[in-house]
Amino acid sequence: MKLIFLGPPGAGKGTQATGVSSHLRVPHISTGDMFRAAIKNETPTGLEAKRYMDAGQLVPDSVVVDMVRERLAMPDCANGYLLDGFPRTVEQARALDEIATPDAVVDIEVPDERLLARLTGRRVCSKCNGTFHVSKVADEKVCPVCGGELYQRDDDKPATISNRLGVYHEQTAPLIGYYAGLGKLKRIDVGALPLYDGDSRAEDVFQAILASLE
Ligand code: AMP
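Rules behind the numbers
Residues numbered from 1 in each chain as written. Predicted model: local features only at pLDDT ≥ 70, side-chain atom pairs only at ≥ 80, totals over all residues. Heavy atoms only, no water. Pairing = 2+ DSSP bridges. Helix = DSSP H or I, 4+ residues; strand = E, 2+ residues; numbered from the N terminus. Polar contact = N/O pair within 3.5 Å; in protein donor to acceptor, adjacent residues only side chain to side chain. Contact = heavy atoms within 4.5 Å. Phe/Tyr/Trp six-rings, centres within 6.5 Å; stacked < 30°, edge-to-face > 60°. Buried < 20%, exposed > 50% of the residue type's maximum accessible area, 1.4 Å probe, protein only. Lys NZ or Arg CZ within 6 Å of the ring centre and 35° of its normal. Near = heavy atom within 4 Å. Nonpolar A, V, L, I, M, F, W, Y, C, P; charged D, E, K, R; others polar. Core = buried A, V, L, I, M, F, W, Y, C linked by side-chain atoms within 4.5 Å.

Caption draft 1: Representation of the sheet that holds strand 6 (residues 131-133) within the structure. Reading across the sheet, the 3 strands line up as 6-5-7 and stay open at both edges, with antiparallel pairing between neighbours. Lying at the two open borders of the sheet, with one neighbouring strand each, are strand 6 and strand 7 (150-151). Taken together, the 3 bridges between strand 5 (residues 122-125) and strand 6 define a ladder with antiparallel strand orientation. Its bridge partner lying in strand 6, valine 124 is registered against threonine 131.

In structure tokens form, the structure reads like this:
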């Protein structure tokens, strides 16, 4: 199955994509994770991407599309994949259509007012890449899953977050209409799910996604 996860930053795409991809046994391909790995390894792509990421802007389409095209040509993608964070512009969606049309596009919708708290409190594990909210971990520096060190992404600082939300509404949200028009869209309204401690449970979102794919 070829899937796309769409949604604003902080919607929980990464967490859900990890669960759903292992449930469906397809690789989880996150362009954000690929860029962060490239930055860590100081590759030319990483150096170029960093300038845009630090400003909360999108990396140019040509750079992202080439990187994704190479990744999708790898043997583990032969039976499908889950794309998380790609495409992010209509231009990228058109380029993807030329590589392979997705079977379904899961749009995870979270009201803006909840995104800010989720993003500023988000911590990422430097070892397993898991993401956690500070309010849900015993020690805000230690990963509850693997014991690795938790850190805050540079682009999760308040100044960059508002840019990222603006970029999402301007450049990525039009993809909702694009994929609805192709009859591929599965809409998950997280705002309509029950709240626990002021937020929805990841497990409820996961079940709603699986149900939408049946
Ligand atoms: P993410 O981890 O998906 O939130 O991505 C972090 C950052 O990486 C984004 O704010 C962009 O700067 C960059 N990025 C990730 N995916 C894309 C994409 N498909 N197109 C352009 N930039 C991207």
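Caption draft 2: Broad picture of the side chain of arginine 114. Counting through the fold element by element, arginine 114 comes out in helix 6 (residues 112-120). A polar contact is formed between the side chain of arginine 114 and the side chain of serine 200, at a distance of 2.6 Å. If near-sequence neighbours (up to four positions away) are discounted, arginine 114 is found in contact with Val190, Gly191, Leu195, Gly198, Asp199 and Ser200.

Caption draft 3: Main features of the packing of aromatic side chains. The tally for this structure, following the rule as stated, stands at 1 aromatic pair. Ring geometry for tyrosine 178 versus tyrosine 179: centroids 5.0 Å apart, planes at 85°, classification edge-to-face. Assigned by exposure class, tyrosine 178 and tyrosine 179 land together as buried. Across the ring face of tyrosine 196, the terminal group of arginine 201 is positioned such that the distance to the ring centre comes to 5.1 Å.

Caption draft 4: Representation of the environment of glycine 32 within the structure. For glycine 32, the position within the fold is in helix 2 (residues 31-40). Distance in space between the C-alpha atoms of glycine 32 and valine 64 is 9.9 Å, their sequence separation being 32 residues.

Caption draft 5: Geometry of the site of the ligand. Around the ligand sit 16 residues, and of these Thr31, Arg36, Gln57, Gly85 and Gln92 come closest. For the ligand, a nitrogen atom lies 3.0 Å from a polar atom in the side chain of arginine 88. Broken down by element, the residue count for the shell around the ligand peaks at 4 residues, all from helix 2. Broken down by class, the residue content of the shell around the ligand amounts to 6 nonpolar, 5 polar and 5 charged.

Caption draft 6: Layout of unusual backbone geometry. Note that the residue after phenylalanine 86, namely proline 87, is joined by a cis bond; omega there is -5°. Residue position: proline 87 is located in the loop between strand 3 (81-84) and helix 5 (90-99). Positioned with a positive phi, glutamate 42 is a non-glycine residue whose angle comes to about 50°. According to the relative accessible area criterion, glutamate 42 is exposed, its value standing at 62%.

Caption draft 7: Broad picture of the nonpolar core. Core analysis: the biggest nonpolar cluster contains 25 residues, and Phe35, Leu72, Leu83 and Tyr179 have the highest contact counts within it. Mapped by element, the contributors of at least two residues to this core are strand 1 (2-6), helix 3 (44-54), helix 4 (61-72), strand 3, helix 5 and helix 8 (174-181). Broken down by element, the residue count for this core peaks at 6 residues, all from helix 4. Residue contacts for leucine 83: discarding those within four places in its chain leaves Leu3, Ile4, Phe5, Ile29, Val68, Leu72 and Leu96. Counting 22 residues, the second-largest nonpolar core is a separate cluster that includes Ala17, Val20, Leu82 and Val106.

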